[in-house]
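Observations on the model geometry
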Amino acid sequence: MQVIEEIKQKLQETFEKLGYPTELVSLSFSDRPELCDFQSNSAFALAKVLKNAPIKIAENIAQELKSDNFKVEVCAPGFINISLNEGYLTKILNDFATSEKLLTKTHKQPKTIIIDYGGPNVAKPLHVGHLRSAILGETVKRIAKFMGDNVISDVHLGDWGLQMGLTIAGLEEKFDLSYYFKNEGKKPDITMEDLNRIYPAASARSKTDEEFKKYAQNITTKLQNKDKIYYSIWQDIRKISVEAIKSEYSKLNVSFDLFNGESDSQDYVPKVFEILNKQNLIEKSEGAEIVNVAREDDNAPMPPVIVRSSAGAGLYATTDIATILERVEKYNPDEIWYTTDNRQCMHFNQVFRVCKLAHIGNDNLKLVHFPFGTVNGIDGKPFKTRDGGTMHLCQLIELVTEASDKKLVENTGKSDRQLAQMIGVSALKFGDMINFRTKDYVLDIEKFCSFDGKTGPYILYSLVRINSILQKAGEFERKYAVKDEISKNILLSLIKLSVEIENGYEDKSASGICQSAYNLASNFSTLYSNEKILSQKDIDRKNELLSLLEVVQKALTIICNLLALDIPEKM
Ligand code: ARG
């Protein structure tokens, strides 16, 4: 963020002049906004190195740290307080007004990044467990694009495992499949609802009916060997599923460049074994083939990766390794990012180690897994339907739509399902992402859908209101000034927001963005209740306020785009 860099640069120069180690330069937003805007706590770290009192060091720094842009003060026992001058504040606001990137430090040399998120399984309905990967992955993708990277998103469908054999075995009992087996009659009319019923039943049956399970395994093997009949049934199931999955994701504003799946990487599996064998990385263990990935300095157990089962099948890890090889060959990415829940940390760690050992991709290829925590219900246990079943995504969307519609009726006296869905989905997304991704959180529909507090609807409501003011205002002369406390607070929240976008990129979490979007919206709300805007008599003041609002409008619009929230016309 430009402003922060400028102040840090000044600190850096001061340290150099004083002979202080520059790696100890630190700068943060003020813990006490009534005293200053930024603070540096460097004197405490320096005190240890220089064996001197922090207050003395802080005073030395303050004396040297001269700038026309800010005022410096020392506060016991050694804080360096920095407050921006009015002229500088105005300049920053001006800069915000002309920057399409909210003064973030976008990437001069864009990277190519593949983001693997969503990860739904064919023939299984999307449920609440798929929510976070879709929401977070979509936003992280948008942040990376915003920062200037070339991003390719891939849903990586689970479309090649036993669930496919189970679904086909279940289908054989419920449908006449002569079209496939005997090449006669019509293609059966299979719907997603059929698949949603057939797969869970088949899966449950396979747990008690050994013969059925063997039968399904047999189909899976045939399919994996591209048996013509089973492959064509599979293709149709996949098509039906992909349509349904796309339509569910579109309700969440989530989309992908690639709808590839585990099946697509199968052509790369032989090559993976060739590479692993050539480098003597494979060992035999009880009939299976494994790769040892433990390192001397591991402080937790790191089991070997099974790349081929004793029955000869490739496994989940094998598919992911083959997919990395495929991605490297097709797209030559600088980085591949994955987001799944934290139960898959070990899996990705193992997969990445195999790739590094085998030199799949060049040595600079960065493989990153960013895990997330569990979505819990108000009872603190994983989120379920009322009767304890798995909550499907469409049911959840229905619930937040219902809750938002109730709020709309309360506020406007009118029900509007379409608008309610837009607001409800935003509530769900914002409520999710405001939590740092690794944290478990409680999905409290009532709280998420409130029009007040740190919620999606509150952000949308603020933006809708700003849009309406600016629309009513019509043409006005742009005039930037930061003279009063409220405008200054708005500007500081804009600076914070800019920093949080950069942090969001690094941390692969939107929690800071959500927090500072809330701060910005609530500072706007203070302005709105304290100042006359449209009815302002002083024309200069009116222009200043409208110009400020226009910058806030731009910032909140960018944020809604990053969080993939639809902006309603009215609320
Ligand atoms: N389909 C997997 C699941 O349901 C998630 C896939 C995650 N991505 C990956 N490349 N393994 O658990």
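Located above this text is the structure these notes cover.
Now for a description of the structure that goes with this document. (Residues numbered from 1 in each chain as written. Predicted model: local features only at pLDDT ≥ 70, side-chain atom pairs only at ≥ 80, totals over all residues. Heavy atoms only, no water.)

1. Examining the overall build of the chain
Scanning the chain for helices and strands turns up 20 helices and 13 strands. Taken along its principal axes, the extent of the C-alpha atoms in the chain is 85 × 65 × 40 Å. For the chain, the proportion of its 571 residues judged to be buried stands at 54%. Taking the intrachain contacts of the chain between residues at least 6 apart in sequence as the baseline, contacts between residues at least 24 apart amount to 72%. In the structure as shown, the chain presents an accessible area of about 26700 Å², 47% of it carried by carbon and sulfur atoms. One way to put it: in the chain the 72 positive side-chain charges average out to a point 1 Å from where the 79 negative ones average out. (Helix = DSSP H or I, 4+ residues; strand = E, 2+ residues; numbered from the N terminus. Buried < 20%, exposed > 50% of the residue type's maximum accessible area, 1.4 Å probe, protein only. Contact = heavy atoms within 4.5 Å. Areas by Shrake-Rupley, 256 points an atom, 1.4 Å probe, with all protein chains shown as cover. Lys, Arg positive; Asp, Glu negative; His and termini not counted. Charge placed at Lys NZ, Arg CZ, Asp CG, Glu CD.)

2. Examining the packing of aromatic side chains
Taken as a whole and assessed by the stated rule, the structure comprises 19 aromatic pairs. For the pair Phe-256 and Phe-259, a centre-to-centre distance of 5.7 Å together with 85 degrees between the ring planes defines the contact as edge-to-face. For Phe-256, a relative accessible area of 12% translates into the label buried. Ring pairs connect the aromatic residues Tyr-117, Tyr-249, Phe-256 and Phe-259, which therefore count as one cluster. Positioned above the aromatic ring of Phe-212 is the side chain of Arg-205, whose terminal nitrogen or guanidinium carbon lies 4.1 Å from the ring centre. (Phe/Tyr/Trp six-rings, centres within 6.5 Å; stacked < 30°, edge-to-face > 60°. Lys NZ or Arg CZ within 6 Å of the ring centre and 35° of its normal.)

3. Describing the site of the ligand
In the vicinity of the ligand, the contacting residues are Asp-116, Gly-119, Asn-121, His-156, Tyr-316, Asp-320, Tyr-338, Thr-340, Gln-344 and Phe-348. Contact distances for the ligand include 2.9 Å between a nitrogen atom and a backbone N or O atom of Gly-119. Gln-344 is positioned with one of its side-chain polar atoms (N or O) 3.1 Å from an oxygen atom of the ligand. Partitioning the shell around the ligand into residue classes produces three nonpolar, five polar and two charged. (Near = heavy atom within 4 Å. Polar contact = N/O pair within 3.5 Å; in protein donor to acceptor, adjacent residues only side chain to side chain. Nonpolar A, V, L, I, M, F, W, Y, C, P; charged D, E, K, R; others polar.)

4. So, the sheet that holds strand β8 (residues 288-291)
An order of β7-β8-β9 is seen for the three strands of this open sheet, with the pairing classed as antiparallel. Strand pairing shows two members of the sheet lacking a second neighbour, β7 (282-285) and β9 (305-308), which therefore form its edges. Direction aside, the axes of adjacent strands within the sheet are offset by 45 degrees on average. Two elements, β7 and β8, share four bridges in a ladder whose sense is antiparallel. Paired with Lys-284 across the strands is Glu-289, a residue of β8. (Pairing = 2+ DSSP bridges. Axes fitted to C-alpha atoms, helices over the stretch in contact; angles between N-to-C directions.)

5. Examining the pairing of β8
By the alternation rule, side chains of β8 split into Ala-288 and Ile-290 and Glu-289 and Val-291, which are all buried. Counting the residues that bridge the hairpin from β7 to β8 gives two residues, and of these Glu-286 lies at a positive phi of roughly 45 degrees. Both β8 and β9 contribute to a ladder of three bridges, which runs antiparallel. Paired with Val-291 across the strands is Val-305, a residue of β9.

6. Some remarks on empty space enclosed by the protein
With the rule as written, the count across this model stands at three cavities of 30 Å³ or more. Each pocket or cavity is described by its volume, and for the largest cavity that value is around 50 Å³. Per-class residue counts for the lining of the largest cavity are two nonpolar, four polar and three charged. (1 Å grid on protein atoms, 1.4 Å probe; cavity = no way out; pocket = protein on both sides within 12 Å on 5 of 7 lines; lining within 4 Å. Points joined across faces, edges and corners; volume = space filled by probe spheres on them.)

7. Side note on unusual backbone geometry
Cis peptide bonds are those with omega within 30 degrees of zero, and the linkage from Ala-76 to Pro-77 qualifies with 0 degrees. The phi dihedral of Ala-123 falls on the positive side, at around 75 degrees, and the residue is not glycine. Tracing the backbone shows Ala-123 in the loop between β5 (112-116) and α5 (131-146).

8. Remarks on the packing of helix α12 (residues 316-331) against helix α13 (residues 345-357)
Close contact between α12 and α13 brings their axes to 10 Å; oriented N to C, the two are set at 50 degrees. Relative to α13, α12 is oriented oblique. Considering the relative orientation of α12 and α13, their crossing is right-handed. Along its contact with α12, which presents Tyr-316, Ala-317, Asp-320, Ile-321 and Ile-324, the element α13 presents His-347, Phe-348, Val-351, Phe-352, Val-354 and Cys-355. A breakdown of the residues in the contact of α12 with α13 according to their chemical character gives nine nonpolar, one polar and one charged. (Parallel < 35°, antiparallel > 145°, perpendicular 65-115°, else oblique. Left-handed = near helix turned anticlockwise from the far one by under 90°.)

9. Brief notes about the side chain of Arg-327
As for its placement among the helices and strands, Arg-327 is situated in helix α12. A distance of 2.8 Å separates a polar atom in the side chain of Arg-327 from a polar atom in the side chain of Asp-154. The contact partners of Arg-327, leaving out residues within four places of it in the chain, are Ile-114, Asp-116, Asp-154, His-156, Asn-332, Pro-333, Ile-336 and Tyr-338.

10. Details of helix α8 (residues 192-208)
In a regular helix each residue adds 1.5 Å, so 17 residues correspond to 24 Å; α8 covers 25 Å between its end C-alpha atoms and thus fits that length. Buried within α8 are the following residues: Met-192, Asp-194, Leu-195, Ile-198, Tyr-199, Ala-202, Ser-203 and Ser-206. Within α8, the buried residues cover an arc of 140 degrees as seen down the axis, which keeps them to one side. Projecting away from the buried face of α8 at angles above 90 degrees are the exposed residues Glu-193, Arg-197, Lys-207 and Thr-208. Summarising the contacts, the buried residues of α8 are in contact with α6 (162-174), α9 (210-224) and α10 (228-251). (Expected span 1.5 Å × (residues − 1). Arc of directions from axis to C-beta.)

11. Some words on the state of the cysteines
Within this structure, the stated rule accounts for zero disulfides. In this structure Cys-75 is a free cysteine whose sulfur lies 7.9 Å from that of Cys-36, the closest cysteine sulfur available. What makes Cys-75 partly exposed here is its relative accessible area of 24%. Among the cysteines around Cys-355, which has no disulfide bond, Cys-345 carries the closest sulfur, lying 17 Å off. On the basis of relative accessibility, which here comes to 1%, the residue Cys-355 falls in the buried class. (Disulfide = S-S within 2.5 Å.)

12. Observations concerning the pairing of strand β10 (residues 335-338)
Side chains Glu-335 and Trp-337 project from β10 onto one buried face, and the interleaved Ile-336 and Tyr-338 project onto a second face that is buried too. Note that β5 and β10 share four bridges and pair parallel. Of the residues in β10, the one forming a bridge with Ile-115 is Trp-337. By the bridge criterion, four bridges tie β10 to strand β11 (residues 366-369) in an arrangement that is parallel. When the sheet's bridge partners are listed, Tyr-338 is paired in β11 with His-369. Following the backbone out of β10, through α13 and into the adjacent parallel β11, one traces a crossover that is right-handed. (Right-handed = clockwise from strand over helix to strand, strands pointing away.)

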